[in-house]
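Residues per chain, in single letters:
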Amino acid sequence: MAKHTIKPTRLDFNLVKNTVKKFQDEFEMFPHIALQAVALHYLLGLDQLQIEDTIVDGSKDCGIDGIYIDEDSDSPTIYIYQSKLKEKIEKLNSPFPGNELDKLCGTIDNFILKPLPADFPPYMNEDLVEKIKDVRTAIEQNPKIELLFITNGAAATEEAEKKLDDWINEKNRAGDIFSYRFIDLINLVEMIAPQRQKPVNAELRFSGRYADLLEPGGIRTIIGRIAAIDLAELREKEGTFLFEKNIRGYLGQTKRQDINRRIIKTASGPNSHFFF
């Protein structure tokens, strides 16, 4: 992979640190999970529930922090990610641990690419087992598989990357299936900074009558009819940033029913925002 021509600074570190803190506080996440959330949100456009559904991080995760399967096309893309949070600026330039790359690749070798074992070993947590089963099903659809290594520090050493390159090349003998990228501090800054400065500026025309309401809590709500083509063009122009205010996205064919139960609980409970 091409190396950055610019060096990260204290300002870069603080920008990412503050963004991670915002996600941590808003979504009640551990700091290292919030780092993953920042990367997945800005890179893939995932919202909170989608991000939470990817996570397998924790005890017995076998070097995999999360797995996301993008099912929006006939040929899905599988993202398998790992992250390392640097809490102190003194660790700014410390490389991504090479042994962690080896651990992730070993798990893929043993439990995704080889025949499925009769029983998964006890050193794998339940969330990881379920996600691996989902990946094995998705592989039947000839997917692309991208490995993401997320850190607010530096990428891996040249030696570790060379070893990873050799592993990728070996796996791609049957076609261009595997790829990888490091989402390091500079990449995170490049993703976050433009979004922080970008306003959504658009005009939408209602057809027929509309209602402009001020509801309890000072929430302004406008109800009316808008042409679907206008909404589609707005989405094309603004991208996922249009949904920055936490509109829920498509969750995919997830087997994690706990998320659906939580949506039902929220919708069924008392909430002054639900006035219709």
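One numbering rule holds for all chains: residues counted from 1, following each sequence as written. Totals for whole chains, interfaces and linings use every residue, but because this is a predicted model, local features are given only for residues with pLDDT of at least 70 and side-chain atom pairs only at 80 or more, for both listing and counting. Derived side-chain values reflect all non-hydrogen atoms in the structure, with water molecules and hydrogen atoms excluded from consideration.

*Asks:* An account of the overall build of the chain is requested, with residue identities and associated values reported.
*Replies:* Counting from the N terminus, the helices are DSSP H or I runs at least four residues long and the strands are E runs at least two residues long. The helix and strand inventory of the chain stands at nine helices and six strands. Relative accessible area decides the class of each residue, using a 1.4 Å probe on protein chains only: under 20% of the type maximum gives buried, over 50% gives exposed, and in between gives partly exposed. In the chain, buried positions account for 41% of the 276 residues. Contacts in the chain between residues at least 24 apart in sequence constitute 65% of all its contacts with a sequence separation of at least 6. Contacts: residue pairs with any heavy atoms within 4.5 Å of one another.

*Asks:* Would you mind going over the packing of aromatic side chains in detail, with residue names and values included?
*Replies:* Side-chain rings of Phe, Tyr and Trp, where Trp is taken by its six-membered ring, are said to pair if the distance between their centres is within 6.5 Å; with planes under 30 degrees apart they count as stacked, over 60 as edge-to-face, and otherwise as tilted. Within this structure, the stated rule accounts for 10 aromatic pairs. Taking the centre distance of 5.3 Å and the plane angle of 15° together, the rings of F206 and Y210 count as stacked. Residue F206 is classed as partly exposed on the basis of its relative accessible area, which comes to 28%. Looking at Y210, the relative accessible area reads 53%, which means it is exposed. The structure contains a cluster of three or more aromatic residues connected by ring pairs, namely F96, F149, Y180 and F182.

*Asks:* An account of the side chain of T151 is requested, with residue identities and associated values reported.
*Replies:* Its location among the elements puts T151 in strand β3 (residues 144-151). For T151, the side chain forms a polar contact with the main-chain oxygen of K84, separated by 2.9 Å. Residues within four places of T151 in sequence aside, it is in contact with L35, K84, K86, F96, I183, D184, L185 and L188. For the purposes of these results, a polar contact is taken to be a pair of N or O atoms within 3.5 Å, where, inside protein, one atom must be able to donate a hydrogen and its partner to accept one; residues adjacent in sequence count only when each atom of the pair is a side-chain atom.

*Asks:* Which residues make up the packing of helix α4 (residues 98-113) against helix α5 (residues 126-138), and what values do they have?
*Replies:* Axis angles are defined between N-to-C directions and span 0 to 180 degrees, where every axis is a line fitted to C-alpha atoms and, for a helix, only to the segment in contact. In contact at an axis separation of 10 Å, α4 and α5 are set at 65° when each is read in the N-to-C sense. It follows that α4 is roughly perpendicular to α5 by the angle criterion. As α4 runs across α5, the sense of the crossing is right-handed. Residue-level contacts link T107, F111 and I112 of α4 to I132, V135 and R136 of α5. Each residue is assigned to one class: nonpolar for Ala, Val, Leu, Ile, Met, Phe, Trp, Tyr, Cys and Pro, charged for Asp, Glu, Lys and Arg, and polar for all the others, Gly among them. Its residues placed into classes, the contact of α4 with α5 shows four nonpolar, one polar and one charged. We call two directions roughly parallel when the angle between them is under 35 degrees, roughly antiparallel when it is over 145, roughly perpendicular when it lies between 65 and 115, and oblique otherwise. Two helices crossing with the near one rotated counterclockwise from the far one by less than a right angle form a left-handed crossing, whereas a clockwise rotation gives a right-handed crossing.

*Asks:* Account for the sheet that holds strand β1 (residues 66-70), naming residues and giving values.
*Replies:* Strands are treated as partners if at least two bridges between them are detected by DSSP. Taken together, the four strands give an open sheet; going across it, the order is β1-β2-β3-β4, and neighbouring strands pair in mixed fashion. Because the sheet does not close on itself, it has two edges, and the strands there are β1 and β4 (178-183). Each neighbouring strand pair of the sheet contributes to a mean axis angle of 20°, computed without reference to strand direction. Sheet topology note: the β3/β4 ladder contains six bridges and is parallel. The residue of β4 that forms the bridge with F149 is F182. Across the sheet, helix α2 (residues 31-44) touches β1, β2 (77-84), β3 and β4, and the angle it forms with β2 is around 145°. In the packing of α5 onto the sheet, the strands contacted are β1 and β2, and the crossing angle to β1 comes to about 30°.

*Asks:* A description of the packing of helix α1 (residues 10-27) against α2 should follow, citing residues and the corresponding values.
*Replies:* Packing of α1 against α2 leaves a shortest axis separation of 8 Å and a crossing angle of 100°. In terms of their interaxial angle, α1 and α2 are classed as roughly perpendicular. Here V16, T19, V20, F23 and Q24 of α1 come into contact with α2, specifically with P31, A34, L35, A37, V38, H41 and Y42. Looking at the contact of α1 with α2 residue by residue, the classes come out as nine nonpolar, three polar and no charged.

*Asks:* Before we move on, could you go through the nonpolar core and cite the residues and values that matter?
*Replies:* Definition used in this section: a nonpolar core is a set of buried Ala, Val, Leu, Ile, Met, Phe, Trp, Tyr and Cys residues joined via side-chain atoms within 4.5 Å. Of all hydrophobic cores here, the largest spans 33 residues; its most connected members are I80, L147, F149, L164 and F182. Taken together, the elements giving at least two residues each to this core come down to β1, β2, α4, α5, β3, α6 (158-171) and β4. With six residues, α4 is the single largest residue contributor to this core. Excluding its chain neighbours within four sequence positions, the residues that come into contact with F149 are Q82, F96, L101, L104, L164, Y180, R181, F182 and I183. A34, L35, L92 and I150 belong to the second-largest nonpolar core, a separate cluster that totals 31 residues.

*Asks:* Break down the environment of L204 for me, with residues and values.
*Replies:* Turning to its location among the elements, L204 is positioned in the loop between α7 (185-197) and β5 (207-215). Of the residues examined, L204 reaches a relative accessible area of 37% and is grouped as partly exposed. Considered as a pair, L204 and D230 are 26 residues apart in the sequence and their alpha carbons are 7.3 Å apart. Leaving out residues up to four positions away in the same chain, L204 has contacts with I226, D230, L231 and L234.

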